[in-house]
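# Notes for the structure review
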Amino acid sequence: MLRSGTSKASRRNVLKGVGMATVGASLGASLPMGSAAQAQGAPAGAKGPKLLEMDGKAKLAVLGDKPLVAETQAELLDNNVTPTNKLFIRNNGQVPDITGDPKAWKVKIDGEVNTPMEITVGDLMTKFPAVTYQLMLECGGNGRSFFSPEARGNQWTNGGAGCPMWTGVRLADVLKAAGLKPSAVYTGAYGADPTLAGETDKPTISRGVPIAKAMEEHSLIAFKLNGQDLPLIHGAPVRLVIPGWPASVSTKWLNRIWVRDKEHDGPGMGGFSYRVPKTPIVPGSKGNDKDMAILESMPVRSVITFPADGTRLTSRKLDLRGHAWAGDFDIKTVDISIDYGVTWKPAKVDAPANKYAWQNFSASIELPTTGYYEVWAKATDSKGVTQPFQAANWNPQGYGANPINRIRLLVES
Ligand SMILES: Nc1nc2c(c(=O)[nH]1)N[C@H]1C(S)=C(S)[C@@H](COP(=O)(O)O)O[C@H]1N2
Ligand SMILES: [Mo]
């Protein structure tokens, strides 16, 4: 049955659908139209999100405790290179207890290879050239909270993403050393994290990518984040970083790559997981798991990181900035509107530091009067695909929501 858009819940969700709110930690609460949390559809009186308390991490917004999931508030994404303390966290199970010499940690490479092997982190570091790139890590569910009706899963706004510096070896070099057989078509990666129930004999999540993606020069087995040893919470001693695709393929605590002769079928590869309908479905409906395709490249997205949503300005001159990215593709343009999408002006867009790094944008705007404004940002990728006004292509587990980004401002002088 098609739902009418006139229920109270749907009206609340119209605000949510357009991405009005970021998080309660912003100054939004001081604006007269209510808190950012309320604009997101939370009941009146609700406080902002719980903030993360963890050594080495900023006060990220906690979306879930078990497993731990925390996103980066838009204004904390302001740095050009995401600092380690501000990188979002997404666990599906528990954090493994890893002791001993990290260099002795082994990664098994088996399946469709000529020479199955177990390679230590020490050997990875000495036998293969190390490379450093600034690479996007973005959860497949980033933007999920903008779907209406609500889709299953962590209610990310735009902060299930970050773009730090990663150092590691190319996955391609390691796969070549093992020797890919002609039958090799897909990877299946495993990590050491116990399931939520504490089981260590079955994988928490095990995803993979077609061999062509694994062989790209930016697909890494990483051991450093921003020049330091990878922290445990982000996958120490080694993890995959496969940029541009849902970060669920960037396996943390990596201990095995099983090279497959068919599409990998580990937990997280079937049903509605990381898959989107081939044919658009009615929002809120059950969907058909036989008519789904794996989500590969992440969609185009922009996030205004300065000023924060809800800022009170004391001048009509606004210098704004943010980042935009588009999975496997580059950003062509970012356009800014201060009149609800009636007119748009191009922002300045910088080149990426390297392929798969986000692109900074900035704009100087003279707001015509004092008072209330919304500033909207809309990115367009190199294929000409742009962000929709509302989250589109609803799917049961809520992937790919990338509506135009919006902040609210009050100009007071
Ligand atoms: N072993 C393992 N790897 C994993 C996960 C996990 O639960 N276990 N979560 C994945 C998901 S869904 C995401 S979004 C990213 C998050 O990486 P981060 O916590 O370092 O930000 O790790 C991916 N790699
Ligand atoms: Mo994720």
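Provided above is the structure to which this section pertains.
These lines cover the structure that appears in this document, whether it is placed above or below. Residue positions are counted from 1 within each chain, in the order its sequence is given. Here chains are named by letter from A upward and ligands by number from 1 upward, in the order in which they appear as written. Local features are withheld for residues below a pLDDT of 70 in this predicted model, meaning they are given only at 70 or higher, and side-chain atom pairs are given and counted only at 80 or more; totals for whole chains, interfaces and linings count all residues. In computing side-chain values, all of the structure's heavy atoms are included and hydrogens and water are not.

## What about the overall build of the protein chain?
Counted only if it meets this: Secondary structure follows DSSP: runs of H or I at least 4 residues long count as helices, runs of E at least 2 residues long count as strands, and numbering of each begins at the N terminus. Burial status follows relative accessibility: with a 1.4 Å probe on protein chains alone, a residue under 20% of its type maximum counts as buried, one over 50% as exposed, and anything between as partly exposed. The criterion used for residue contact is that any of the two residues' heavy atoms lie within 4.5 Å. Per-residue accessibility takes into account occlusion by the displayed protein chains alone, with areas from the Shrake-Rupley method and a 1.4 Å probe.
Scanning the protein chain for helices and strands turns up five helices and 25 strands. Taken across its 413 residues, the protein chain has 55% of its residues classed as buried. At a minimum sequence separation of 6, the contacts of the protein chain that also span at least 24 residues come to 71%. Carbon together with sulfur atoms contributes 54% to the accessible area of the protein chain, which is approximately 17,200 Å² in total.

## Considering the nonpolar core
Rules: Nonpolar cores are built from buried Ala, Val, Leu, Ile, Met, Phe, Trp, Tyr and Cys residues. Side-chain atoms within 4.5 Å join them into one set.
Among the nonpolar cores identified, the biggest contains 28 residues, and Ile221, Val238 and Ile257 are the most heavily contacted of them. Of all the elements in the fold, those that place two or more residues in this core are strand 4 (106-111), helix 3 (121-127), helix 4 (171-178), helix 5 (211-214), strand 11 (220-225) and strand 14 (254-260). Counting residues per element, this core draws most heavily on helix 4, at four residues. Among residues more than four places away in sequence, those in contact with Ile221 are Leu124, Gly168, Val169, Leu171, Val174, Val238, Arg239, Leu240, Leu254 and Ile257.

## Let's talk about the packing of aromatic side chains
The condition that has to hold: Ring geometry is summarised as follows: Phe, Tyr and Trp rings, the Trp one being its six-membered ring, pair when their centres sit within 6.5 Å, and such pairs are stacked at plane angles under 30 degrees, edge-to-face over 60 and tilted between the two.
Tallied over the full model, the rule gives seven aromatic pairs. Ring geometry for Trp344 versus Phe389: centroids 6.5 Å apart, planes at 75°, classification edge-to-face. Placement of Trp344 in the loop between strand 20 (331-337) and strand 21 (345-346) and of Phe389 in the loop between strand 24 (371-381) and strand 25 (405-411) is noted, with a sequence separation of 45 residues between them. For Phe389, a relative accessible area of 43% puts it in the partly exposed group. Judged by centre distance (6.2 Å) and plane angle (70°), the rings of Trp376 and Phe389 are edge-to-face.

## Here's the deal with empty space enclosed by the protein
To keep things clear, this is the line we draw: Both cavities and pockets are sets of points on a 1 Å grid over the protein atoms alone; in a cavity a 1.4 Å probe fits but cannot get out, in a pocket the set is open with protein on both sides within 12 Å along at least five of seven lines, and lining residues sit with an atom within 4 Å of a point. Grid points are joined across faces, edges and corners, and a volume is the space filled by probe spheres set on the points. The nonpolar class holds Ala, Val, Leu, Ile, Met, Phe, Trp, Tyr, Cys and Pro. Asp, Glu, Lys and Arg form the charged class, and all remaining residues, Gly among them, are polar.
Enumeration according to the criterion identifies three cavities of 30 Å³ or more in this entry. Its volume calculated, the largest cavity comes out at about 290 Å³. Lining the largest cavity are 22 residues, and of these Arg90, Asn92, Ala247, Ser250 and Lys252 sit closest to its centre. Looking at side-chain class alone, the lining of the largest cavity contains nine nonpolar, eight polar and five charged residues. Here the second largest cavity defines a volume of roughly 120 Å³. Mapped by element, the contributors of at least two residues to the lining of the second largest cavity are strand 7 (137-138) and strand 19 (317-325).

## Remarks on the site of ligand 1
Note the cut-off: Here, proximity means that at least one heavy atom of the residue falls within 4 Å of the molecule or strand. Here a polar contact is recorded for every N or O atom pair within 3.5 Å, except that within protein the pair must consist of a potential hydrogen donor and a potential acceptor, and residues adjacent in sequence are included only if both atoms are side-chain atoms. Each molecule is checked against the cavity or pocket grid, and it sits inside if more than half of its atoms lie within 2 Å of the grid points.
Not every one of the 19 residues close to ligand 1 is listed here, only the nearest: Phe88, Asp193, His234, Arg239 and Lys252. At 2.6 Å from a nitrogen atom of ligand 1 is found a side-chain nitrogen or oxygen belonging to Asp193. In isolation ligand 1 exposes 530 Å². Once the protein is present, 100% of that is buried. In a pocket analysis with a 2 Å cut-off to the grid points, ligand 1 is assigned to the largest cavity. Across the shell around ligand 1, the residue classes tally to eight nonpolar, seven polar and four charged.

## Topic: the pairing of strand 11
Definition in use: For two strands to pair, DSSP has to find at least two bridges joining them.
With five of its six residues buried, strand 11 lies for the most part within the structure. Of the strand pairs in this sheet, strand 9 (residues 165-170) and strand 11 are connected by five bridges, and their pairing is antiparallel. Looking at the pairing, Trp166 lines up with Leu225 of strand 11. In this sheet, strand 13 (residues 239-241) lies alongside strand 11 in antiparallel orientation, the contact comprising three bridges.

## Considering the sheet that holds strand 14
Applied cut-off: Here, axes are lines fitted to C-alpha atoms. For helices the fit covers the stretch in contact, and angles between N-to-C directions go from 0 to 180 degrees.
Ordered by their spatial adjacency, four strands build an open sheet running 5-4-14-10, and the pairing between neighbours is mixed. Sheet topology places strand 5 (117-120) and strand 10 (186-191) at the edges, where each strand pairs with a single neighbour. The average undirected angle you get between the axes of adjacent strands in this sheet is 20°. Taken together, the four bridges between strand 4 and strand 14 define a ladder with parallel strand orientation. What sits directly across from Ile109, in strand 14, is Ile257.

## Describing the sheet that holds strand 3 (residues 89-90)
Read from one edge to the other, the open sheet built from three strands follows the order 1-2-3, with strand pairing classed as antiparallel. Edge positions in the open sheet fall to strand 1 (61-64) and strand 3, since each of these has one partner strand only. Pairing geometry for strand 1 and strand 2 (residues 69-71), over three bridges, is antiparallel. Within the sheet, the bridge partner assigned to Gly64 lies in strand 2 and is Val69.

## Remarks on helix 4
Just so we agree on the cut-off: Along the arc lie the directions from the helix axis toward the C-beta atoms.
Listed as buried for helix 4 are Leu171, Ala172, Val174, Leu175 and Ala178. All buried residues of helix 4 project into a common sector of 165° when viewed along the axis, lining one side.

## Observations regarding unusual backbone geometry
Here Lys66 and Pro67 are connected by a cis peptide whose omega angle stands at 0°. Cis geometry is adopted by the peptide bond preceding Pro237, which originates at Ala236 and carries an omega value of 0°. Mapping Pro237 onto the fold places it in the loop between strand 12 (228-229) and strand 13. Although it is not a glycine, Trp253 sits at a positive phi angle of roughly 50°. Checked against the element boundaries, Trp253 lands in the loop between strand 13 and strand 14.

## Regarding the pairing of strand 19
By the bridge criterion, five bridges tie strand 17 (residues 301-306) to strand 19 in an arrangement that is antiparallel. Residue pairing in the sheet places Phe306 in a bridge with Arg321 of strand 19. Across eight bridges, the pairing between strand 19 and strand 23 (residues 359-366) is antiparallel. Within the sheet, the bridge partner assigned to Asp319 lies in strand 23 and is Ser364.

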